[in-house]
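Observations on chain architecture
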Amino acid sequence: MVDYPYPAEFMMPLPGRPIREEIDLTSGCFWEIVWFAGGLMRVLQGLVFLSAYEGANVYYNYTGEAKCFDLDDDPHGLGGWDWQACTEMVMPMSSSQESSMFPPHEYNYSSFEEECIKDFGVKPRPKWITTEFGGH
């Protein structure tokens, strides 16, 4: 969404091609892990952490002005996606160890509905998107 070929401030100050910059900053570490996967794991774990920090730094602190990252901060109102999921675009998702790399998760509409009511005071409308725009 923000990987423009030129510097932009759409969501926050970012360099041109921020994804490429992030990959450039983080890729060397992973080559070292593959290359030295025998006896240097303790040192390499530090490199992985440093690599993750450098990658996150491109997005969260490209200007160098932030003293620390507040990862719970939502300066762009991205929590709006949660509101939209509750009110317009209910997207049931689940995963299993047999078919996914993600931890097992069973979708439970009742729990989802309770969370929407608790967080936003609204009941989900699972059929709204197809009623409004068609489909199925």
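Bear in mind that the values here come from a model prediction, so they are computed numbers and not experimental data. (Residues numbered from 1 in each chain as written. Predicted model: local features only at pLDDT ≥ 70, side-chain atom pairs only at ≥ 80, totals over all residues. Heavy atoms only, no water.)

1. Regarding the pattern of salt bridges
For the record, the criterion: A side-chain nitrogen of Lys or Arg and a carboxyl oxygen of Asp or Glu constitute a salt bridge if their distance falls within 4 Å. We count a stretch as a helix when DSSP gives it H or I for four or more residues in a row; a strand needs E for two or more, and each element gets its number in order from the N terminus. To sort residues, take the accessible area from a 1.4 Å probe on protein chains only and compare it with the maximum for the residue type: under 20% means buried, over 50% means exposed, and anything in between is partly exposed.
The tally for this structure, following the rule as stated, stands at two salt bridges. For E113, the salt bridge goes to K123, with nearest N and O atoms at 3.4 Å. Of this pair, E113 sits in helix 4 (residues 109-120) while K123 sits in the loop between helix 4 and helix 5 (128-133), and the two are 10 residues apart along the sequence. Linking D119 and K118 is a salt bridge whose minimum nitrogen-to-oxygen distance equals 3.2 Å. We classify K118 as exposed; its relative accessible area is 66%.

2. Some thoughts on helix 4
Using the following cut-off: Each residue after the first adds 1.5 Å to the expected span of a helix. Taking the helix axis as origin, the arc is that swept by the directions to the C-beta atoms. Here, residues are in contact when the closest pair of their heavy atoms is within 4.5 Å. Think of a polar contact as two N or O atoms within 3.5 Å of one another; within protein, one of them needs to be a possible hydrogen donor and the other a possible acceptor, and neighboring residues in sequence only count if both atoms come from side chains.
Helix length check: helix 4 (12 residues) gives 16 Å between terminal C-alpha atoms against 16 Å at 1.5 Å per residue, within 8%. Those residues of helix 4 that fall on the buried side of the exposure criterion are F112, E113 and C116. Viewed along the axis of helix 4, the buried residues span an arc of 100 degrees, placing them on a single side of the element. Summarising the geometry of helix 4, the exposed residues directed more than 90 degrees from the buried face are E114 and K118. Looking at the buried residues of helix 4, the elements they touch are helix 3 (80-87). Of the residues flanking the start of helix 4, the one acting as N-cap is N108, its side-chain oxygen 3.0 Å from the backbone nitrogen of S110. Of the residues one or two after helix 4, G121 is the one with positive phi, at around 70 degrees.

3. With respect to the packing of aromatic side chains
Stated precisely, the cut-off is as follows: The criterion for an aromatic pair is that two Phe, Tyr or Trp rings (for Trp, the six-membered ring) have centres within 6.5 Å, with stacked assigned to planes under 30 degrees apart, edge-to-face to planes over 60 apart and tilted to the rest.
Counting across every chain of the model gives five aromatic pairs. Taking the centre distance of 6.2 Å and the plane angle of 45 degrees together, the rings of Y107 and F112 count as tilted. Under the relative-accessibility criterion, Y107 is labelled partly exposed at 28%. By the ring-pair criterion, three or more aromatic residues cluster together here, those being Y107, Y109 and F112.

4. Things to note about the state of the cysteines
We apply this condition: What counts as a disulfide here is a pair of cysteine sulfur atoms lying within 2.5 Å.
The tally for this structure, following the rule as stated, stands at one disulfide. What pairs with C86 in a disulfide is C116, and their sulfur atoms sit 2.0 Å apart. Residues C86 and C116 are joined through a disulfide that is left-handed, its torsion about the S-S bond being -85 degrees. Separated by 30 residues along the polypeptide, C86 in helix 3 and C116 in helix 4 bring together distant segments of the chain. As far as the burial class goes, C86 and C116 line up, both buried.

5. Quick word on the confidence of the model for the chain
For any part of a model where pLDDT is low, the fine detail of the predicted coordinates should not be relied upon. The condition is simple: How sure the predictor is of each residue is captured by pLDDT, a score from 0 to 100.
Of all residues in the chain, 75% attain a pLDDT of 70 or more, and the chain-wide mean is 77. Ranking the helices and strands of the chain by mean pLDDT puts helix 4 first, with 94, and helix 1 (residues 18-35) last, with 64. The model gives residues 31-36 a pLDDT under 50, and that stretch makes five contacts with residues more than four places away or in other chains.

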